[in-house]
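So you can see what is in the structure, the chains are spelled out below.
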Amino acid sequence: MSVVVVNVLGSFLLGLFLARRERATGGATSLQFWGIGVLGSFTTFSAFSTDVVELLAAGRVLACVGYVSMSLLGGLALARVGRRIGGVVR
Amino acid sequence: MSFVALSVAGAVGAVFRYVITGWIQSRHQSGYPVGTLVVNLTGSLGLGLVLGFDSFESVGALAAIGFLGGFTTFSTWMIEALGMGLASLRAALNLALSLLGGVLAALAGFMLTS
């Protein structure tokens with residue numbers, strides 16, 4: 001469950017950060033540190049895919065569908081919201 | 001101790017991801033984010049391998065989990081799919097390929113060591 005929260009929140013923050021960065025004059029170092037390093041590592045794909053395998057192995061198909069949809073729809077939606085907000089707020 | 005192992009390994013994983021995705025992206029012109037796909041699938045295989053072992057309470061196993069957590073990334077995947085246009089075939093393909101590939105890789109890793 002915590003993996004969903006971390007992944008969706010991290011997608012939002014990365015969207016926000018990248019949109020803000022397009023408007024600012026941040027150096028390449030800040031992109032590497034915050035974007036790739038901190039936010040890229042805060043979220044994780046490997047725990048996501050092993051969670052899916054564990055849910056399927058336990059026969060919890062409905063929970064698995066819910067987990068995948070929440071992660072993907074939530075991640076895409078919040079990354080988009082983050083980009084929108086970051087593009088407007090200075 | 002476990003906290004230190006996780007943090008250091010996560011940071012090392014992020015550096016590996018940065019170098020490997022940069023190297024892969026520089027070797028083709030398609031603009032398709034193959035680099036992220038490669039690190040996410042190999043990282044899923046790796047975590048499946050680690051979790052297949054019965055006990056993973058050692059510092060070494062924690063370091064492996066931290067490394068793979070930092071090596072793979074969910075947020076970049078989301079941002080790249082979003083950048084392709086949400087209703088586009090490219091985005092749907094990217095999402096499906098990573099999702100199915102990641103689950104199959106994790107399953108393969110798990111079955112190899114359990």
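Note that the coordinates shown come from a computational prediction; the quantities given were computed from them, not determined experimentally.

S.K.: Account for the overall build of chain B, naming residues and giving values.
M.R.: A tally of helices and strands in chain B yields five helices and zero strands. Of the regular secondary structure in chain B, the N- to C-terminal order runs α-α-α-α-α. Over its C-alpha atoms, taken along the principal directions, chain B stretches across nearly 45 × 25 × 25 Å. The proportion of buried residues among the 114 residues of chain B is 44%. The long-range fraction of contacts in chain B, counting pairs at least 24 apart against all pairs at least 6 apart in sequence, stands at 74%.

S.K.: Can you explain the environment of B:Thr21? Please cite residues and give values.
M.R.: Mapped onto the fold, B:Thr21 is located in helix 1 (residues 2-25). As a C-alpha pair, B:Thr21 and B:Leu37 span 16 residues in sequence and 8.9 Å in three-dimensional space.

S.K.: Requested: an account of the interface of chain B and chain A, with residues and values cited.
M.R.: The partner chain A presents 27 residues to the 33 residues of chain B that form the contact. Elements that contribute at least two residues to the side of chain B that touches chain A include exactly helix 1, helix 2 (34-52), helix 3 (59-71), helix 4 (75-83) and helix 5 (89-113) of chain B. Considered class by class, the residues forming the side of chain B that touches chain A number 18 nonpolar, 14 polar and one charged.

S.K.: Give a description of the confidence of the model for chain B that names residues and reports values.
M.R.: On average, residues of chain B score 92 in pLDDT, and 96% of them reach the 70 mark or higher. Confidence metrics for the complex model read pTM 0.92 and ipTM 0.91.

Conventions we followed
- Sequence order as written defines the numbering, with residues in each chain counted from 1.
- Chains and ligands are labelled by the order in which they are written, letters from A for the one and numbers from 1 for the other.
- This being a predicted model, a pLDDT of at least 70 is required before a residue's local features are given, and a value of 80 or more before pairs of side-chain atoms are given or counted; all residues contribute to the totals for chains, interfaces and linings.
- Secondary structure is summarised from DSSP: a helix means a run of H or I of at least four residues, a strand means a run of E of at least two, and numbering begins at the N terminus for each.
- Every C-beta atom is placed from the backbone, and the number of other C-beta atoms within 10 Å of a residue's own sets its class: buried at 20 or more, exposed at 12 or fewer, partly exposed in between.
- In this description, a residue-residue contact is defined by the distance between C-beta atoms placed from the backbone, which must lie within 7 Å.
- Put simply, Ala, Val, Leu, Ile, Met, Phe, Trp, Tyr, Cys and Pro go in the nonpolar bin, Asp, Glu, Lys and Arg in the charged bin, and everything else, Gly too, in the polar bin.
- The quantity known as pLDDT measures the predictor's confidence residue by residue, on a range of 0 to 100.

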